[in-house]
Amino acid sequence: AMDADGNGRLDVDEYVAAVVQHFGELDADRDRMLTAAEIGDADPAAFATADRDGDGMLSLGEAVGDRMVRFFDADASRDGMVTLTEINAYLEGLE
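Since we're looking at a predicted model, the values are computed, not measured.

Caption draft 1: Expanded view of the overall build of the chain. The number of helices and strands found in the chain is five helices and four strands. Along the chain, helices (α) and strands (β) appear in the sequence β-α-β-α-α-β-α-β-α when read from the amino end. In summary, the chain has a C-alpha radius of gyration of 14 Å against a globular reference of 12 Å for 95 residues, a match within 12%. A principal-axis box enclosing the C-alpha atoms of the chain has dimensions of 35 × 25 × 20 Å. The buried share of the chain, taken over its 95 residues, is 26%. Excluding contacts between residues fewer than 6 apart, the proportion of contacts in the chain whose partners are at least 24 apart in sequence is 42%. Here the chain displays about 6,000 Å² of accessible surface, and carbon together with sulfur accounts for 56% of that area. Across the chain, the 7 positively charged side chains and the 23 negatively charged ones have centroids separated by 2 Å.

Set out below in structure tokens:
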């Protein structure tokens, strides 16, 4: 579970740990890089934004960096933690 301490909120450490774990699960060829094919339903524009060096693959650093931007965008209360309510509101805003 992402919420390691069970407090109903995700802090930065829990979020980064979840991103790293998910990256490893998606990295089918274990080359420590993700392609759009490994991600599956990757939005091409979002993938290109995350792919900072433009090599067509995401390193772990690029993936974590991209997700951290989203974490802080979702953290409406600016307390360094996100709640399910904040995540849902953020996702609704993307639609």
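This is not the end of the story, as more comes after the structure.
Caption draft 2: Looking closely at the nonpolar core. Within the largest apolar cluster, nine residues are counted, these being Leu10, Tyr15, Val19, Val64, Met68, Phe71, Ala74, Val82 and Tyr90. Listed by contribution, the elements that provide at least two residues to this core are α1 (12-26) and α4 (60-74). The greatest single-element share of this core, amounting to four residues, is contributed by α4. Once residues lying within four places of it in the same chain are set aside, the contact partners of Val82 are Arg9, Leu10, Phe71, Ala74, Asp75 and Ile87. Counting residues in each nonpolar core, the second largest holds six residues, with Phe23, Leu34, Ala50 and Ala63 among its members.

Caption draft 3: Region of the structure containing the side chain of Asp51. In this structure, Asp51 sits in the loop between α3 (44-50) and β3 (58-59). A distance of 3.2 Å separates a polar side-chain atom of Asp51 from the backbone nitrogen of Asp55. Leave out the neighbours within four places in its chain, and Asp51 touches Gly56, Met57, Leu58 and Glu62.

Caption draft 4: Structural view of the packing of α1 against α4. With their axes 10 Å apart at the nearest point, α1 and α4 run at an angle of 140° to one another. The pairing of α1 with α4 is recorded here as oblique in orientation. Two packed elements cross with a definite hand, and for α1 against α4 that hand is right-handed. Between α1 and α4, the residues in contact are Val12, Tyr15, Val16, Val19, Val20 and Phe23 and Leu60, Ala63, Val64, Arg67, Met68, Arg70, Phe71 and Phe72, respectively. Its residues placed into classes, the contact of α1 with α4 shows 12 nonpolar, no polar and two charged.

Cut-offs applied
In this numbering scheme, every chain counts its residues from 1 along its sequence in written order. For a predicted model such as this one, the threshold for reporting local features is a pLDDT of at least 70, and the threshold for listing and counting side-chain atom pairs is 80 or more; totals across whole chains, interfaces and linings nevertheless cover every residue. Excluded from the side-chain calculation are hydrogens and water; included are all heavy atoms of the structure. We count a stretch as a helix when DSSP gives it H or I for four or more residues in a row; a strand needs E for two or more, and each element gets its number in order from the N terminus. Just to be clear, the radius of gyration here is over C-alpha atoms, and the globule rule we use is 2.2 Å times residues to the power 0.38. Residue exposure (1.4 Å probe, protein chains only): buried if accessible area is under 20% of the type maximum, exposed if over 50%, otherwise partly exposed. Two residues qualify as a contact provided that any one of their heavy atoms is within 4.5 Å of a heavy atom in the partner residue. Using a 1.4 Å probe, accessible areas were evaluated by the Shrake-Rupley method; residue-level cover was limited to the displayed protein chains. The sign given to each residue is positive for Lys and Arg and negative for Asp and Glu; His and the chain ends receive no count. Where a charge lies is defined by one atom per residue type: Lys uses NZ, Arg uses CZ, Asp uses CG and Glu uses CD. The criterion is simple. A nonpolar core is a set of buried Ala, Val, Leu, Ile, Met, Phe, Trp, Tyr and Cys residues joined through side-chain atoms within 4.5 Å. Think of a polar contact as two N or O atoms within 3.5 Å of one another; within protein, one of them needs to be a possible hydrogen donor and the other a possible acceptor, and neighboring residues in sequence only count if both atoms come from side chains. Throughout, an axis means a line fitted to C-alpha atoms (over the contacting stretch in the case of helices), and angles, computed between N-to-C directions, take values from 0 to 180 degrees. Throughout, the term roughly parallel applies to angles under 35 degrees, roughly antiparallel to angles over 145, roughly perpendicular to angles from 65 to 115, and oblique to all others. In a left-handed crossing the near helix is turned counterclockwise from the far helix by less than a right angle, and in a right-handed crossing that turn is clockwise. The nonpolar class holds Ala, Val, Leu, Ile, Met, Phe, Trp, Tyr, Cys and Pro. Asp, Glu, Lys and Arg form the charged class, and all remaining residues, Gly among them, are polar.

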